[in-house]
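Listed here are the chains, written in short residue letters.
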Amino acid sequence: MSRLLTFLFRRLPIGWLQLSHSKGRLFAAIAGVAFTNLLVFMQLGIMGALNNSTVAPYALIRGDIILSSQEGNTLTDSGNLARVFMFQALGVPGVVAATPLYIGNLPLTLEDGSSIALLSFGLDTAQPGFVADVIAPDMARLVIENTALLDRDTRGLPGDALARITTGQPFAFEASGGTLTAIGTMAVGGGFLADGMMITSDQTFLRFFKSRTSGAPDHILLRVAGGLSAERVVERLRAVLPPLIVKVQTMTGAAAADLAFMSTERPTGIIFGFGVFMGILVGLVIVYQVLSTDVADHLREYATFKAMGYDQPFFLGIIFEEALVLAVFGFVPGFIVSMGLYAGLVAVTGLPVVMTAPTAIMVFVGTLVACTLSGAIATRRLAAADPADLF
Amino acid sequence: MENDAPIRVEGLNHYFGQGEARKQALWDLNLTLQRGTLTILMGPSGSGKTTVLTLMGCLREVQEGKVSLLGHDLQGAGEAALVALRRRLGFIFQAHNLHESLTATQNVLMGLQVHGPGDAAKQRAAAHHMLGLLGLADRVDYLPANLSGGQKQRVAVARALVSNPEVIFADEPSAALDKASGRVVVEMLKALGQKRGVTTVMVTHDNRIMDLADRIITLEEGRVVSDTNPA
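How each quantity is defined
Residues numbered from 1 in each chain as written. Chains lettered and ligands numbered in written order. Predicted model: local features only at pLDDT ≥ 70, side-chain atom pairs only at ≥ 80, totals over all residues. Helix = DSSP H or I, 4+ residues; strand = E, 2+ residues; numbered from the N terminus. Rg over C-alpha atoms; globule rule 2.2 N^0.38 Å. Buried ≥ 20, exposed ≤ 12 C-beta atoms within 10 Å, placed from the backbone. Contact = placed C-beta atoms within 7 Å. Domains from an automatic or database assignment. Nonpolar A, V, L, I, M, F, W, Y, C, P; charged D, E, K, R; others polar. Pairing = 2+ DSSP bridges. Axes fitted to C-alpha atoms, helices over the stretch in contact; angles between N-to-C directions. Left-handed = near helix turned anticlockwise from the far one by under 90°.

Regarding its fold elements, chain A presents 13 helices and 9 strands. Against the 2.2 N^0.38 benchmark of 21 Å for 391 residues, chain A shows a C-alpha radius of gyration of 29 Å, more extended than a compact globule. Across its three principal directions, the C-alpha atoms of chain A cover 95 × 55 × 35 Å. A total of 391 residues make up chain A; the buried ones form 43% of that total. A separation threshold of at least 6 residues defines the contact pool for chain A, and within that pool the share at least 24 residues apart is 80%.

As a further point, take the domain arrangement of chain A. Residue and element names in this part refer to chain A. Partitioning chain A into domains gives domain 1 (2-53 + 267-390) and domain 2 (82-244). Distance between the C-alpha centres of domain 1 and domain 2: 48 Å. Residues belonging to the side of domain 1 that touches domain 2 are distributed by class as follows: 3 nonpolar, 2 polar and no charged.

Glancing now at the sheet that holds strand S4 (residues 64-69) of chain B. In space, the 4 strands of this open sheet follow the order S2-S1-S4-S5 (chain B), with antiparallel pairing throughout. Both outer strands of the open sheet, strand S2 (23-33) and strand S5 (72-73) of chain B, are each paired with one neighbouring strand and no more.

On to the interface of chain A and chain B. Opposite the 19 residues of chain A that make contact, chain B presents 23 residues. Those elements that provide at least two residues to the side of chain A that touches chain B are helix H2 (14-21) and helix H11 (299-308) of chain A. Looking at the side of chain A that touches chain B, the element that brings in the most residues is H11 of chain A, giving 6 residues.

All names here are of chain A. Structurally, Ala 194 can be placed in the loop between strand S6 (178-186) and strand S7 (196-201). Along the backbone, Ala 194 and Pro 107 are 87 residues apart, and their C-alpha atoms lie at a distance of 9.2 Å. Setting aside residues up to four positions removed in sequence, Ala 194 forms contacts with Asn 105, Ala 117, Leu 118 and Leu 119.

Here we come to the packing of helix H12 (residues 312-349) of chain A against helix H13 (residues 357-378) of chain A. Residues and elements named next belong to chain A. Close contact between H12 and H13 brings their axes to 9 Å; oriented N to C, the two are set at 145°. As for how H12 packs across H13, the hand of that crossing is right-handed. Between H12 and H13, the contacting residues are Ile 319, Phe 320, Glu 322, Ala 323, Leu 326, Ala 327, Gly 330, Phe 331 and Phe 335 on the first element and Ala 360, Phe 364, Thr 367, Leu 368, Cys 371, Thr 372, Ser 374, Gly 375 and Ala 378 on the second.

This is the structure:
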């Protein structure tokens, strides 16, 4: 390590030598930075899972434009929209197809008496082009009443039930006083809103959600003519549909808006964002404490170096060298432990907690910046190193 | 000869404290120290010898009067100019002030690397040579914690001398050394003056080395009370 740093800095690695000389302090500092990394990674991981589960339903549906109620917030937290707007939209040049989308949370009762909540999507089976390609071939089978495609990553779903469905044997569940039969599976995963997801025909959906009517879907999905810009058709639709009632968005725009809403409007998003901020703050304080104590403990040595003719950039270099060492050495264990905890969280909750390369790089760069910032604050103590006091 | 003097002090006054607590530590001091000489500053505690040393070594700001070091007037000199001057000096402190996490060699290397990265192998060889001259050839990789007080002081001397300074300021350099070692160090400083023209200003109470001085200046209450040339 000393040789590498000597090669990098082209001088003795004073910062590293100082830190490694006090093993206990070095260990405490690295543990502190690692813990900070762990805090930030966990907050970002859960926030990422929240974001992933927010946009995961979009993977089930296809469409260029989505019409929603202005009262709604996200795809799954929506108001109802009069189906008449679908017919109006079909009259707008560029719109070639439309279908209503019904969404609801359905509790299912399992054979052992336990229950799981499924986010249910009701769609017109005659329009398989509005669902994901992997699901589209199965849509025709949902014409049979009270049948559903079940999310095989659903939390709490018994293994034997899943085995039966995947081997082609239907599996019946109790739901809302009726019997629902799973005839196939798809892979989406659980989220914060439900244990898993389910797709049924619109007719089956309305049968199990008795308070809902076909004339008031949650959203209306539209497809535009090939080669036509969805944004341009959105503008046309906004000119036709009442803006106070109907929200017109592209599908990608709606997903981005959902993410923004969950991150900035929902308490959960704000809480996790605050958690990240607190993690960074804790890291700043820990590194500042370590570095400023280190400066205070070595004031005589620094004053000696000043007397010898070393200038301010040299001292700043030592502090930033220490900050770099702490950032790198703290990041590695923080990252490894976080990976382990992510795996544990996925196993226990089924939440889509994923470590992505951009997140890891962002946290590492953030750690470097935070450590450097702490170092910069700690250098203020260097002013106290007066070589005249040495005599 | 006068113009060649590396240190010239004229009408130097210095004060500590402010307001009613302000106390004058030096009174109208005038000194000219010639190149290659070994000058010893003596005097009781509080007589102002350390203040003179720090003012000459550009470690303290000149308030009144003039101090010229290696041809540069220190009063009003900028930080960059002072840093550049300090690199031409060598300091030996009573309390050695070695860096606890650096080995003897690394501490001495600090005296060289202040001038830039340089050739690492040559610098290392120079550090080992200097430590060898001071009888520490078998201690080059020791940390200060594993050295005796005298050995630490000799490492500090090596650190001050390794970069061939033009002026050396020393504060009780032989205090932590036994008689023989203390004399070796001061003889080395004396030889540097004779061979290379290095000027040494030393504060000491060690009577064992007075015979090596070219000049002995005694201060009392901030004034020169005696200025002799024993040789």
